[in-house]
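# Summary of structural features
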Amino acid sequence: MADSWEKLLEDCRSCEACQLSKTRTNCVFGVGNKNADIMFIGEAPGESEDLSGTPFVGRAGQLLDKFLFAVDIDREDVYIANILKCRPPKNRDPLPEEEDCCIDFLRRQLLLIQPKIIVCLGRISAMRLIKPDFKITKEHGIWFKKGNYLITAVYHPALLLRDPRRKEEMLEDMKAIKAKLSELQD
């Protein structure tokens, strides 16, 4: 039987597969257009996201919004999710076993949405979804074909808050994503 959004959300909210379920405020499932051509995938919710239950609403999310606006991509037209649906303590990197517990939720989201493009937000997402030895500083903006998806990675907006010198590279990557999206929609 095919998944429904309701069943997937219910399964995610009731998940207790790892210790993060005990410390979360909210399951941070995902947000956006369920028929999106483009899906942005981060690593895990932060504090603002855990409190609100919505991905990318904190400072990093606000910066992501600015990049989307700069290249004329409407946030309402995309879907945004994370590999992990629960916040790791003190925003530490997700543990591989936590990713393993959550990755099926992301796979199910991908099957329901069927985006044309996946954009990994940051190194951790790219290492999980593109290849384990992904080097974000060297390979951001490069396109990969994985199954039915075109996939690329950009810097995580949180990194850009700490290192604003990389914002120009991010803008160029986002322009290339917009161009690819336009090409696929024609």
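Only a predicted model underlies this, so the values are computations on that prediction, with no experimental measurement involved. (Residues numbered from 1 in each chain as written. Predicted model: local features only at pLDDT ≥ 70, side-chain atom pairs only at ≥ 80, totals over all residues. Heavy atoms only, no water.)

## Here we look at the overall build of the protein
Definition in use: Here a helix means four or more residues in a row that DSSP labels H or I, a strand means two or more in a row labelled E, and each is numbered from the N terminus. C-alpha atoms define the radius of gyration in this analysis, and the globule rule sets the expected value at 2.2 Å times the number of residues to the power 0.38. Accessibility here uses a 1.4 Å probe with only protein chains present; expressed as a share of the type maximum, an area under 20% marks a residue as buried, one over 50% as exposed, and anything in between as partly exposed. The contact definition used throughout considers only heavy atoms, calling two residues in contact when any of these lie within 4.5 Å. Here the Shrake-Rupley method, with its probe set to 1.4 Å, supplies the accessible areas, and only the displayed protein chains count as covering residues. Charge assignment: positive for Lys and Arg, negative for Asp and Glu; neither His nor the chain ends contribute. Every charge is mapped to an atom, namely NZ of Lys, CZ of Arg, CG of Asp or CD of Glu.
Helix and strand counts for the protein stand at nine helices and six strands. The C-alpha atoms of the protein give a radius of gyration of 15 Å, which matches the 16 Å a tight globule of 186 residues would have. With the C-alpha coordinates aligned to their principal axes, the bounding extent of the protein is approximately 40 × 40 × 30 Å. In the protein, buried positions account for 51% of the 186 residues. Here the analysis covers contacts within the protein between residues at least 6 apart in sequence; of these, 73% occur between residues at least 24 apart. Carbon and sulfur atoms make up 50% of the accessible area of the protein, which totals about 9600 Å². Measuring between centres, the 29 positive side-chain charges of the protein sit 3 Å from its 30 negative side-chain charges.

## Examining the side chain of Glu99
Along the chain, Glu99 falls in helix α5 (residues 96-113). Since its relative accessible area comes to 10%, Glu99 is described here as buried. Beyond its immediate chain neighbours, meaning those up to four positions away, Glu99 contacts Ile83, Leu84, Pro94, Ile124 and Arg128.

## Topic: the environment of Ile118
Within the secondary structure, Ile118 is located in strand β4 (residues 117-121). Here Ile118 falls in the buried class, since its relative accessible area comes to 4%. Taking the C-alpha atoms as reference, Ile118 lies 25 Å from Asn26; in sequence the two are 92 residues apart.

## Section: the layout of surface pockets
Defined as follows: Space inside and on the surface of the protein is sampled on a 1 Å grid over the protein atoms alone, with a cavity defined as a set of points where a 1.4 Å probe fits but cannot get out and a pocket as an open set with protein on both sides within 12 Å along at least 5 of 7 lines; lining residues have an atom within 4 Å of a point. Grid points are joined across faces, edges and corners, and a volume is the space filled by probe spheres set on the points. Each residue gets one label: Ala, Val, Leu, Ile, Met, Phe, Trp, Tyr, Cys and Pro are nonpolar, Asp, Glu, Lys and Arg are charged, and the others, such as Gly, are polar.
Reported here for the largest pocket is a volume of approximately 610 Å³. For the lining of the largest pocket, the secondary structure elements donating two or more residues are α3 (47-52), α4 (59-70), α6 (123-129) and α8 (157-162). For the lining of the largest pocket, the element with the highest residue contribution is α8, accounting for four residues. Tallied by class, residues from the lining of the largest pocket come to eleven nonpolar, seven polar and eight charged.

## A look at empty space enclosed by the protein
Summed over the entire model, instances satisfying the criterion amount to one cavity of 30 Å³ or more. Lining the largest cavity are 13 residues; nearest its centre among them are Cys15, Cys18, Arg24, Cys86 and Cys102. The set of elements that each furnish at least two residues to the lining of the largest cavity consists of α2 (20-23) and α5. At four residues, α5 tops the list of elements feeding residues into the lining of the largest cavity. Considered class by class, the residues forming the lining of the largest cavity number nine nonpolar, one polar and three charged.

## Quick word on the side chain of Arg24
To keep it simple, the criterion reads: One side-chain nitrogen of Lys or Arg within 4 Å of one carboxyl oxygen of Asp or Glu is enough to make a salt bridge. Throughout this description, a polar contact denotes any pair of N or O atoms lying within 3.5 Å of each other; where both atoms belong to protein, one of them has to be capable of donating a hydrogen while the other can accept it, and for residues adjacent in sequence the pair is counted only when both atoms sit in side chains.
Take Arg24: it is sitting in the loop between α2 and β1 (31-32). Lacking a salt bridge, the buried Arg24 has Glu16 as its closest oppositely charged neighbour, with an N-O distance of 6.1 Å. A polar contact of 2.7 Å, which involves the side chain of Arg24, links it to the backbone oxygen of Arg13. Arg24 has contacts with Cys12, Arg13, Ser14, Cys15, Asp50 and Cys86, leaving out every residue within four places of it along the chain.

## Some details on the pattern of salt bridges
Scanning the entire structure with this criterion turns up 14 salt bridges. Between Glu139 and Lys131 there is a salt bridge, with its nearest N and O atoms 2.6 Å apart. Where salt bridges share partners, they join Asp163, Arg165, Arg166 and Glu169 into one cluster.

## Side note on a negative patch on the surface
As a reminder, the rule being used: Two distance rules govern patches: like charges are joined within 9 Å, and nonpolar side chains (Val, Leu, Ile, Met, Phe, Trp, Tyr) within 5 Å, applied only to residues with over 30% relative accessible area and no salt bridge.
A cluster of like negative charges, contributed by Asp72, Asp74, Glu76 and Asp77, occupies part of the molecular surface. Its place among the elements puts Glu76 in the loop between α4 and β3 (79-82).

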